[in-house]
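# Chains, contacts and geometry: an overview
Chain residues, written in single-letter form:
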Amino acid sequence: QVHLVESGGGSVAAGGSLKLSCEASGYTDTSWRAWFRQAPGKEREGVAAISSLGGTQVYSSDSVKARFTISRDKDRSTVILKMNRLEPEDTAMYYCAAEFKGGKWWDPTAYGSWGQGTQVSVSS
């Protein structure tokens, strides 16, 4: 059974940075991991994902790729999302996902485990 806990969210001004962390327990690293975000009144959307060995990273847009970096720790139990040059449109609850079942990485239904989320608020 996999348990995920996110941390690192907070309130920052536009142009600031945050580092989000997702720690997994009861986890055997055999699949992709991902970060999603959901703003009030919006659908949950994929932000970035990383392969099981960490060698491949994908991002939802050129804007995200230019500003965010996804990585894994040495044991691959923790996934990091480093966010630079934050913008107000980045404001959302950020969730980590694990137990990728295959298919499209940005599909929320492709993941079997979710954390409770960490709030990111970016002011203008």
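Quick look at the structure, then.

Definitions and cut-offs
Residues numbered from 1 in each chain as written. Predicted model: local features only at pLDDT ≥ 70, side-chain atom pairs only at ≥ 80, totals over all residues. Heavy atoms only, no water. Helix = DSSP H or I, 4+ residues; strand = E, 2+ residues; numbered from the N terminus. Buried < 20%, exposed > 50% of the residue type's maximum accessible area, 1.4 Å probe, protein only. Phe/Tyr/Trp six-rings, centres within 6.5 Å; stacked < 30°, edge-to-face > 60°. Lys NZ or Arg CZ within 6 Å of the ring centre and 35° of its normal. Salt bridge = Lys/Arg side-chain N within 4 Å of Asp/Glu carboxyl O.

The next subject is unusual backbone geometry. Positive phi, normally seen in glycine, also occurs at Arg85, with a value near 50°. With respect to the helices and strands, the residue Arg85 is situated in the loop between strand E8 (78-83) and strand E9 (92-100). Classification of Arg85 by relative accessible area gives partly exposed; the value is 46%. One non-glycine residue, Glu99, adopts positive backbone phi at about 60°. Summarising the element assignment, Glu99 is placed in strand E9. Judged by its relative accessible area of 34%, Glu99 is partly exposed.

Within the structure shown, the criterion is met by five aromatic pairs. Where Phe36 meets Trp114, the ring centres are 5.0 Å apart and the plane angle is 65°; that geometry is what we call edge-to-face. Taken together, the residues Phe36 in strand E4 (residues 33-38) and Trp114 in strand E10 (residues 111-114) connect sequence positions 78 residues apart. Here the aromatic residues Phe36, Phe100, Tyr111 and Trp114 are joined through ring pairs into a cluster of three or more. When the ring centre of Tyr95 is taken as origin, the NZ or CZ atom of Arg44, which lies over that ring, is 3.8 Å away. Over the face of the ring belonging to Trp114 we find Arg44, whose NZ or CZ atom lies 4.8 Å from the ring centre.

Next up on the list: the pattern of salt bridges. Scanning all chains against the criterion turns up four salt bridges. Its salt-bridge partner being Glu45, residue Arg37 comes within 2.9 Å of it at the nearest N-O pair. For Glu45, a relative accessible area of 38% translates into the label partly exposed. Linking Glu87 and Arg67 is a salt bridge whose minimum nitrogen-to-oxygen distance equals 3.8 Å. In this pair, Glu87 is assigned in the loop between E8 and E9 and Arg67 in helix H1 (residues 62-67), connecting sequence segments 20 residues apart. The class for Arg67 is buried, based on a relative accessible area of 5%. Because the salt bridges share partners, they merge into one network encompassing Arg37, Glu45, Arg67, Glu87 and Asp90.

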